[in-house]
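Structure assessment
This is what each chain is made of:
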Amino acid sequence: MTFRHRHLLGIEPLHPVEITTILDLADRYVDLNRGARKHGDALAGLTQVNMFFENSTRTQASFELAGKRLGADVMNMSMQASSIKKGETLIDTAMTLNAMHPDLLVVRHPHSGAVNLLAEKVNCAVLNAGDGRHEHPTQALLDALTIRRAKGRLHRLSIAICGDIAHSRVARSNILLLGKMENRIRLVGPPTLMPAGVADWGVEVFDDMRAGLEGVDVVMMLRLQKERMDGGFIPSEREYYHRYGLDAEKLSCARPDAIVMHPGPMNRGVEIDGTLADDINRSVIQEQVEMGVAVRMAAMDLLARNRAAPPAREVMA
Amino acid sequence: MTLHFTNARLIDPETGTDTPGDLFVRDGVIVDGPGEGPVETVDCAGHCLAPGIVDIGVKISEPGERHKESFRSAGRAAAAGGITTMVTRPDTEPAIDTPEVLEFVMRRANADSAVRVLPMAALTKGRMGREMTEIGFLTDAGAVAFTDCDRVVEDTKVFSRCLTYARSLGALVIAHPQDPGLSRGAAVTSGKFASLRGLPAVSPMAERMALDRDMALIEMTGARYHADQITSARALPALERAKRNGLDVTAGVGIHHLTLNEFDVGDYRTFFKIKPPLRSEDDRIAMIEALADGRIDILCSMHTPQDEESKRLPFEEAASGAVGLQTLLPAAMRLVHAGHIDLPTLWRALSLNPARRLGLPQGRLSAGAPGDLVLFDPDAPFVLDRFTLLSKSKNTPFDGQRMEGRVIGTWVGGTQVHGD
């Protein structure tokens, strides 16, 4: 087995072989999930805690289901309603939770790096379910699995990631993962939604959508993150849709067999045309959701196998 | 009594010399010879003897947050770091913006600090950028300069009035050039690294824009102006132009911007979160060159104590700043050992220039100057353990790093305040 990490905090530290290991195992779990009896015992007797400091429905549900299907005891903590409101710091929350001996901790937090900070303080395996604009590794892995199953390979593909790159942790993790697997990556979007220094990322950058989609195998749309924007990144949603919203006409620039992806939740009529999103011949958005459960099962399974953990070092941030 | 320093390597920033020799201090002042009466000899054993460091911009958390730093702890740390004059910041809680608060600070400083303390006062009330403080009264009470620290006076009309009024009193205004709009919420310098880490970032252009604005206002008002920290190459031309045009303008830089760069933040290490944020390596090199050739006048520690609680947070939420009183000298030695700058030139920025800018007699080794001295071994190696620092707060980015340069003794007005 080639997966040697204690935590899954991001795609950045992963080796391509480790990515393949996760995806291969996830493939097996897809079969399990499609069977009549959806139950494994890889996590039997282990405790999984989902800590979401930011609203989430689909990711939290996906992690919960993944844990339950592998036999873990799953607890959901909505941190917005908890002691954080009473002034407790992230570290204190982590230490308190740690004392209850969870085995797997799934964390989403609105600040970049917060999950790394937390992982330094606890004994259990930590899975990053999205931190600020930093990384969302399981999303990138499920996207990779979806692409691999649809295209038959995960290398030498031309992939366009479109929309709000600047605010997207999904984009960062995907750029890292798809880059490691040696694909050609294009970023498409208005310059105000491109992160600074993007030219040094080893990607091609387009601000014209049609040019950006020319001949690509995969079109990955991103949600316009209205909640992370404080004013004036785009003039209006209708102008954004006109220039960067994916519709059949813009998609015709891509290869005829190109697939359409979206991490959800979608803003129909803002970044993607509703009919196109539902087109089962082009859109793999539902498969992405399905792959999400399998990938999370695989990731938690692998981390649980590595759980002969030494005590956490006391490291100052 | 006369103090006789023998066998010293004299670092004199005024003459730009680094020569072996002796030095005499009598009644707290440097003199030419031993004179009459008893003589106490200090054998310097060939180590460097230089004017004590004058550090502009030291944050001492009195009043308000004495658990972070007090005059006593800061004074001891300064003495151990070869700093003989701390020019303190008014960004306390409450801000030092009235003669009454200033008087409290002076009293505390005189009672507790081992080294000299010269306080700065806020430029606007509560550092809110709306109304100017009582610059006249505060000057009379001992304020040596006026600054809102890291807050920019956004309203140019308010700022121009402050400058005009300060000019009539000959008061020095110290500003933090940073465009408030661009830098709002920023935690790091924009670029590939910041984007990959997903942290809110500011372009170094924000510094240049604010300096450009300030230079225009100085041209308009003729006030005496010092930029607390210039940290990016793009801001330098505006500074050079202003100096060439005869404006009364100087600029400083903090030691961290000369010894660290943006990548040191690494995996969200909050001890490396400072204001302005650490810059690119190109900017770091450019600032060292500017310091060496005198375009940047003053090097300071930007000592900013923060407790563990305010640093043990996600990077965006963590407090900015690093302690620097004890690490300023050894960190600056890195520049010397790397061949970027020689000792007399370095001491010009650490001691002579800040003293001159504030109209102080310090920073020299000639007769008549105060006996504020530091004796140090520039080559003594050590590994820094942050818990050995004398500051109450231990937030240094140099923890665990190899450094060279040890302070052997520090004297203030001829009285030894550090060393055996």
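Anyway, here's the lowdown on the structure attached to this text. Predicted model only: the values in this text are computed from it and were never measured. (Residues numbered from 1 in each chain as written. Chains lettered and ligands numbered in written order. Predicted model: local features only at pLDDT ≥ 70, side-chain atom pairs only at ≥ 80, totals over all residues. Heavy atoms only, no water.)

1. Re the overall build of chain A
The helix and strand tally for chain A stands at eleven helices and nine strands. Scaling as 2.2 N^0.38, a compact globule of 317 residues should have a C-alpha radius of gyration of about 20 Å, and chain A matches this with 19 Å. On the principal axes, the C-alpha backbone points of chain A span a range of 55 × 45 × 35 Å. Considering chain A as a whole, with its 317 residues, one finds that 58% of them fall into the buried category. When contacts within chain A are restricted to residue pairs at least 6 apart in sequence, long-range pairs at least 24 apart make up 75% of them. Split by element, the accessible area of chain A, about 12900 Å² in all, is 50% carbon and sulfur. (Helix = DSSP H or I, 4+ residues; strand = E, 2+ residues; numbered from the N terminus. Rg over C-alpha atoms; globule rule 2.2 N^0.38 Å. Buried < 20%, exposed > 50% of the residue type's maximum accessible area, 1.4 Å probe, protein only. Contact = heavy atoms within 4.5 Å. Areas by Shrake-Rupley, 256 points an atom, 1.4 Å probe, with all protein chains shown as cover.)

2. Here we look at the overall build of chain B
On a plain count of helices and strands, chain B comes out with 13 helices and 18 strands. For chain B, the spread of C-alpha atoms along the principal axes amounts to about 60 × 50 × 45 Å. Here chain B holds 420 residues, and 61% of them are scored as buried. Across chain B, contacts joining residues at least 24 apart in sequence account for 75% of those joining residues at least 6 apart. Carbon and sulfur atoms make up 48% of the accessible area of chain B, which amounts to about 15300 Å² in all. Counting 46 positive and 56 negative side-chain charges, chain B places the centres of these two groups 4 Å from one another. (Lys, Arg positive; Asp, Glu negative; His and termini not counted. Charge placed at Lys NZ, Arg CZ, Asp CG, Glu CD.)

3. Brief notes about the packing of helix H4 (residues 156-169) of chain B against helix H7 (residues 205-221) of chain B
All names here are of chain B. As a packed pair, H4 and H7 sit with axes 10 Å apart at the nearest point and diverge in direction by 45°. Here H4 is positioned oblique relative to H7, judged by the angle of their axes. Between H4 and H7 the crossing geometry is right-handed. Listed contacts from H7 to Thr156, Phe159, Ser160, Leu163, Thr164 and Arg167 of H4 are Arg213, Asp214, Leu217, Ile218, Met220 and Thr221. Across the contact of H4 with H7, the residue classes break down as five nonpolar, four polar and three charged. (Axes fitted to C-alpha atoms, helices over the stretch in contact; angles between N-to-C directions. Parallel < 35°, antiparallel > 145°, perpendicular 65-115°, else oblique. Left-handed = near helix turned anticlockwise from the far one by under 90°. Nonpolar A, V, L, I, M, F, W, Y, C, P; charged D, E, K, R; others polar.)

4. A few points about the sheet that holds strand S9 (residues 259-261) of chain A
Residue and element names in this part refer to chain A. Read from one edge to the other, the open sheet built from five strands follows the order S7-S6-S5-S8-S9, with strand pairing classed as parallel. Each of the sheet's edge strands pairs with one partner strand only, and the pair in question is strand S7 (204-206) and S9. Here the strands of the sheet are splayed against their neighbours by 20° on average, with no regard to which way each runs. Where strand S5 (residues 158-162) meets strand S8 (residues 218-221), four bridges bridge the pair, whose relative direction is parallel. The residue bridging isoleucine 161 from the neighbouring strand is methionine 220, located in S8. (Pairing = 2+ DSSP bridges.)

5. Quick notes on the nonpolar core
Among the nonpolar cores identified, the biggest contains 97 residues, and Met86, Ile296, Leu299, Leu346 and Trp347 of chain B are the most heavily contacted of them. Residues in contact with isoleucine 296 of chain B, not counting those within four places in the same chain, are Ile230, Leu236, Leu239, Ala251, Gly252, Val253, Met287, Ala290 and Leu291 of chain B. Leu14, Leu25, Leu104 and Met297 of chain A belong to the second-largest nonpolar core, a separate cluster that totals 62 residues. (Core = buried A, V, L, I, M, F, W, Y, C linked by side-chain atoms within 4.5 Å.)

6. Some words on the pairing of strand S13 (residues 224-227) of chain B
All names here are of chain B. Direction of pairing for strand S10 (residues 172-175) relative to S13: parallel, over a ladder of four bridges. By the bridge assignment for S13, leucine 172 is matched with arginine 224. Of the strand pairs in this sheet, S13 and strand S14 (residues 249-254) are connected by three bridges, and their pairing is parallel. Looking at S14, one finds that histidine 226 is bridged to threonine 250. Handedness of the crossover joining S13 and S14 through helix H8 (residues 236-244): right-handed. (Right-handed = clockwise from strand over helix to strand, strands pointing away.)

7. Section: the pattern of salt bridges
Residue and element names in this part refer to chain B. Overall, the coordinates contain 41 salt bridges over all chains when judged by the stated rule. Of the charged contacts, one joins arginine 284 and glutamate 281 as a salt bridge, the two residues approaching to 2.9 Å between their closest N and O atoms. A residue pair is termed a helical-turn pair when its members lie 3 or 4 positions apart in one helix, as arginine 284 and glutamate 281 do in helix H10 (residues 281-292) at three residues. For arginine 284, a relative accessible area of 15% puts it in the buried group. Across the pair aspartate 399 and arginine 386 runs a salt bridge, and its minimum N-O distance is 3.8 Å. You can see aspartate 399 sitting in the loop between strand S16 (373-383) and strand S17 (402-412) and its partner arginine 386 sitting in the loop between S16 and S17, a full 13 residues away along the chain. Under the relative-accessibility criterion, aspartate 399 is labelled partly exposed at 37%. Through salt bridges with shared partners, a single network forms among Glu62, Arg66, Arg72, Arg108 and Asp112. (Salt bridge = Lys/Arg side-chain N within 4 Å of Asp/Glu carboxyl O.)

8. Details of the packing of aromatic side chains
Aromatic ring pairs: the centre-centre distance and the angle between the two ring planes describe each pair. Within this structure, the stated rule accounts for four aromatic pairs over all chains. Judged by centre distance (5.7 Å) and plane angle (40°), the ring pair of tyrosine 240 of chain A and tyrosine 244 of chain A falls under tilted. Taken as a pair, tyrosine 240 of chain A and tyrosine 244 of chain A lie in helix H8 (residues 237-244) at a separation of four residues, close to a single helical turn. For the pair formed by tyrosine 240 of chain A and tyrosine 244 of chain A, the shared burial category is buried. Ring plane angle 10° and centroid distance 4.9 Å describe the contact between tryptophan 347 of chain B and phenylalanine 376 of chain B, whose orientation is recorded as stacked. You can see tryptophan 347 of chain B sitting in helix H13 (residues 343-357) and its partner phenylalanine 376 of chain B sitting in strand S16, a full 29 residues away along the chain. A relative accessible area of 0% places phenylalanine 376 of chain B in the buried class. (Phe/Tyr/Trp six-rings, centres within 6.5 Å; stacked < 30°, edge-to-face > 60°.)

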